[in-house]
Amino acid sequence: MPRTVRDVVFVDGVRTPFGKAGPKGIYHETRADDLVVKAIRELLRRNPDLDPARIDEVALAATTQIGDQGLTLGRTAGILAGLPTSVPGYSIDRMCAGAMTAVTAVAGGVSLGAYDIAVAGGVEHMGRHPMGEGVDPNPRFVSDKLVDESALFMGMTAENLHDRYPGISKQRADEYAVRSQEKAAKAYADGKIQADLVPVAVRRTNAEAGETGWGLATADEPMRPGTTLESLAGLKTPFRPHGRVTAGNAAGLNDGATASLIAAEDVARELGLPVKMRLVSYAFAGVEPEVMGIGPVPATEKALAKAGLTIGDIGLFEINEAFAVQVLAMLDHFGIPEDDARVNQYGGAIAFGHPLASSGVRLMTQLARQFEDQPHVRYGLTSMCVGFGMGGTVIWENPHFDGGNK
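Fair warning: this is a prediction, and the values are worked out from it, not measured in the lab. Every chain's residues receive numbers from 1 upward, in the order its sequence appears when written. In keeping with the predicted nature of the model, local features appear solely for residues at pLDDT of at least 70, side-chain atom pairs appear and are counted solely at 80 or more, and the whole-chain, interface and lining totals rest on all residues. No hydrogens and no water enter the side-chain calculation; it runs on all heavy atoms of the structure.

1. A look at the packing of aromatic side chains
Aromatic ring pairs: the centre-centre distance and the angle between the two ring planes describe each pair. For Phe, Tyr and Trp, rings pair up if their centres lie within 6.5 Å, where Trp contributes its six-membered ring, and each pair is then called stacked (planes under 30 degrees apart), edge-to-face (over 60) or tilted (otherwise). Here the structure, examined in full by the defined rule, presents four aromatic pairs. Taking the centre distance of 5.2 Å and the plane angle of 70 degrees together, the rings of Phe141 and Phe388 count as edge-to-face. Within this pair, whereas Phe141 is found in helix α4 (residues 140–143), its partner Phe388 is found in the loop between β11 (379–386) and β12 (390–397), the two being separated by 247 residues in sequence. Charge over a ring is defined by NZ of Lys or CZ of Arg lying within 6 Å of the ring centre and within 35 degrees of the ring normal. Of note, Arg94 hangs over the ring of Phe284, and the distance from its end group to the ring centre comes to 3.8 Å. Helix and strand definitions here come from DSSP, where helices need a minimum of 4 consecutive H or I residues and strands a minimum of 2 consecutive E residues; each element is numbered from the N-terminal end.

2. Topic: the nonpolar core
Take the buried residues of types Ala, Val, Leu, Ile, Met, Phe, Trp, Tyr and Cys, join any two whose side-chain atoms come within 4.5 Å, and each joined set is a nonpolar core. Partly exposed residues are those whose accessible area sits between 20% and 50% of the maximum for their type, while under 20% is buried and over 50% is exposed, using a 1.4 Å probe and protein chains only. In terms of nonpolar packing, the biggest core is built from 76 residues, with Ile55, Ile117, Met364 and Trp396 touching the most fellow members. For this core, the leading source of residues is helix α1 (residues 32–46), giving eight residues. Here this core gathers at least three residues from each of two domains, domain 1 (8–130 + 253–278) and domain 2 (146–192 + 228–250 + 281–397). Working rule for contacts: check all heavy atoms of both residues, and any pair within 4.5 Å makes them a contact. Among residues more than four places away in sequence, those in contact with Ile55 are Leu44, Leu50, Leu83, Val87, Ile117, Ala118 and Val119. Core analysis: the second largest hydrophobic core is formed by 40 residues, Ile314, Ala324, Val325 and Ile350 among them. Annotation comment: domain bounds sourced from an automatic or database domain assignment.

3. Structural notes on the domain arrangement of the chain
Assigned domains within the chain: domain 1 (8–130 + 253–278) and domain 2 (146–192 + 228–250 + 281–397). Between the C-alpha centres of domain 1 and domain 2 there is a distance of 23 Å. Opposite the 35 residues of domain 1 that make contact, domain 2 presents 33 residues. Of the roughly 2700 Å² buried where domain 1 meets domain 2, counting both sides, 73% is carbon and sulfur surface. Simply put, the buried area is the total loss of 1.4 Å probe accessible area from both parts when two parts are fitted together. Its largest share of buried area at the contact with domain 2, domain 1 owes to Cys96, Met100 and Met277, together 27% of the area lost on that side. Residues Glu397 and Arg278 are paired through a salt bridge, measuring 3.4 Å at the closest nitrogen-oxygen approach. Side-chain atoms alone can form a polar contact between residues adjacent in sequence; in general such a contact is a pair of N or O atoms within 3.5 Å, and within protein one must be able to donate a hydrogen while the other accepts it. Across the domain 1-domain 2 interface, the total number found is five residue pairs in polar contact (both at pLDDT 80 or more). For the side of domain 1 that touches domain 2, the elements supplying multiple residues, two or more each, are β1 (8–15), α3 (98–112), β5 (117–125), β8 (254–264) and β9 (277–286). With seven residues, the single largest contributor to the side of domain 1 that touches domain 2 is β8. Residue classes in the side of domain 1 that touches domain 2 are distributed as 17 nonpolar, eleven polar and seven charged. We count a salt bridge whenever a side-chain nitrogen from Lys or Arg sits within 4 Å of a carboxyl oxygen from Asp or Glu. All amino acids are sorted into three groups, where Ala, Val, Leu, Ile, Met, Phe, Trp, Tyr, Cys and Pro are nonpolar, Asp, Glu, Lys and Arg are charged, and the leftover types, Gly among them, are polar.

Laid out in structure tokens, this is it:
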């Protein structure tokens, strides 16, 4: 018998504050799985009408699936979070788009009827597990000239993108980065970020004093409010002499986790769960690995075509800021001004950080918050570039849409 396709909704999303990777970062002595467990528990706390036994799946992403990010993380984290043992789980890896893929994967199951409710998210502890740890790229990639060697290094691909689009200068990238920091600071000042952050108890060691104590992580550590063009101008270009990509106009190395609840709309309403966004379409696309940052362009074109929409129908954009040049390339392609008020209203990864596989749900959580505040906007999208030459885009509809009346 033919199956009925069900509407899929984003019920809720949370994340830990994002930290700086390394010995001085807030999560240096915190396990990766404990971070994502904290996020799952917060989802349950915020939605007390949801019986945990109703959750049909836990899909969690991590780019480096070893150590405390391994062992079929979706299953183990679900058990650690207190979900019934009847709730299954699995792990996903699509590099930066891990959490985004977790959402789209379970959304397909919900739409088909295999699931009613699922948890989807991701974690990356880049301090414990640097990107590329333990991997062994096949030498034929380079020897057979399948890809340029630079494709294996994300910063180099960003420099390649600057080469491909010479109109995107270091000055433009730095100007974009300053705006990201300013918008993030304003979003914090306006209380737009804190509502979806999960405070995390962290253990800190003061090496100089020889003391260990406990603290509470309540805000994103990478943020640099007060960043100026002058302060960015003198930063080193680590990927190329006299290059254009710096630590100031790119996301850093970060630790953090996200989690979301994805459900069938009829089930969510039956259980009295919030409906924050309605999924319209999604698409992933491949591009030349050497310029992976252009990936959001074909992914967005595919997602728009599937939805029967145009770029002009999109009222809000949440684009991951792995590198400023990547966002600017997408905006230029679609003819969107780089200071357009629809784009990354709360700032982006240049300010908040980008713990790889977790970031997709951060974009969704921020878009959901904007939808709630702006009922005149009907459609928004979340988009990101993905390592080794891919892009992903998800288009969402605002359930609070009031017909466009401001």
